[in-house]
Amino acid sequence: MKSQLIGFLMSFWISFSLALYFHSGEREEKCVIEDVPSDTLVTGNYKVQKWDMHKQDFLDSAPGLGMFVTVTTPTSEVILSKLYGPTATFSFTSYLSGEHIICLQSNSTRLVAFAGSKLRIHLDIRIGEHFLDEAVVQAKDKVNKVNVRIEHLLEQIHHISKEQNYEREREEKFRKTSEQTNRNILWWAVVQTLILVSIGIWQIKSLRDFFIAKKLV
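Before going into details, it helps to say that this report is about the structure given with it. (Residues numbered from 1 in each chain as written. Predicted model: local features only at pLDDT ≥ 70, side-chain atom pairs only at ≥ 80, totals over all residues. Heavy atoms only, no water.)

1. Describing the side chain of glutamine 49
Next, step 1: On the secondary structure map, glutamine 49 appears in strand β3 (residues 40–52).
Next, step 2: Engagement of the side chain of glutamine 49 in a polar contact is seen with the side chain of histidine 122, the distance being 2.8 Å. (Helix = DSSP H or I, 4+ residues; strand = E, 2+ residues; numbered from the N terminus. Polar contact = N/O pair within 3.5 Å; in protein donor to acceptor, adjacent residues only side chain to side chain.)

The structure is reproduced here in C-alpha cells:
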C-alpha cells in the first residue's frame, strides 16, 4: 500500500525540462537561455546528427565530431567549457539565480567557407531533477525500495519548493520594478505640467509686455 501511494505521488511529479532539436551549421554556435534558481542542478543530454547528401537524411555523426558546451551565468562568468562527443551528458550547478546561457558548437576544423554540412542537434535539458536508477531500486528489498523512493520524492519536493521561492522572488522584483516605473511616470507627468504652466505664464507675460510697448493697452 505504501509503495502504491509513493508511485501515485510520483506520477504527479512535474519535470522541469526542455526537450527540442534544432539545425545548425557545421561551425555555427547555437545557444539556449534557461532561467534557473540558485543552487540547482541542471543536466543536459544531446545527440548530434549530420546531413547525408547521398541518403538525403540526418544520420548519426562520426565519432570524431564533438561539441563544445559552454555555460555562462547571469554575471557573464563561464562555469562550464568542455569538449564532448557526438552524444553526451553534461551538468552544472547554478550558484546564482537568473538566466544561464547554454551554447553548443561543433569542433569541426574545416574553414567556414567549406563547412557547409548541416547538423541536427537533439537537446534535452532538465532542471533540478535527480534521476532515480530503477536498476538500483530493483536490487533492493521492499523496505529499502520504499526508502529510496521516499528519499527521491523528498528531493523532488525540495526542488519544487525552491522553484516556488524563486518565482516569488521574481514576482517581488517585478512588482518593485512596476511600482518604480509608475512613480517615474507620475513625476514625469508633474514635470511636464510644470513646464507647460511655465511656458503659458511666460507667453502671457510676453504678450502683455508687447501690448504695453505698442501702447495697445
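Once you've had a look at it, read on.
2. Digging into unusual backbone geometry
Next, step 1: In this structure, aspartate 39 is a non-glycine residue whose phi angle is positive, near 55°.
Next, step 2: Among the secondary structure elements, aspartate 39 is positioned in the loop between β2 (29–36) and β3.
Next, step 3: Judged by relative accessible area, which is 54%, aspartate 39 ranks as exposed.
Next, step 4: Within the chain, serine 76 stands out as a residue other than glycine whose phi angle is a positive 70°.
Next, step 5: Looking at the secondary structure, you find serine 76 in the loop between β5 (67–72) and β6 (78–84). (Buried < 20%, exposed > 50% of the residue type's maximum accessible area, 1.4 Å probe, protein only.)

3. Description of the layout of surface pockets
Next, step 1: Volume-wise, the largest pocket comes out at about 180 Å³.
Next, step 2: Lining the largest pocket, in full, are Ser97, Gly98, Tyr166, Glu169, Arg170, Lys173 and Phe174.
Next, step 3: If one sorts the elements of the lining of the largest pocket by residue count, helix α3 (residues 142–213) sits on top with five residues.
Next, step 4: Grouping the constituent residues of the lining of the largest pocket by class yields two nonpolar, two polar and three charged. (1 Å grid on protein atoms, 1.4 Å probe; cavity = no way out; pocket = protein on both sides within 12 Å on 5 of 7 lines; lining within 4 Å. Points joined across faces, edges and corners; volume = space filled by probe spheres on them. Nonpolar A, V, L, I, M, F, W, Y, C, P; charged D, E, K, R; others polar.)

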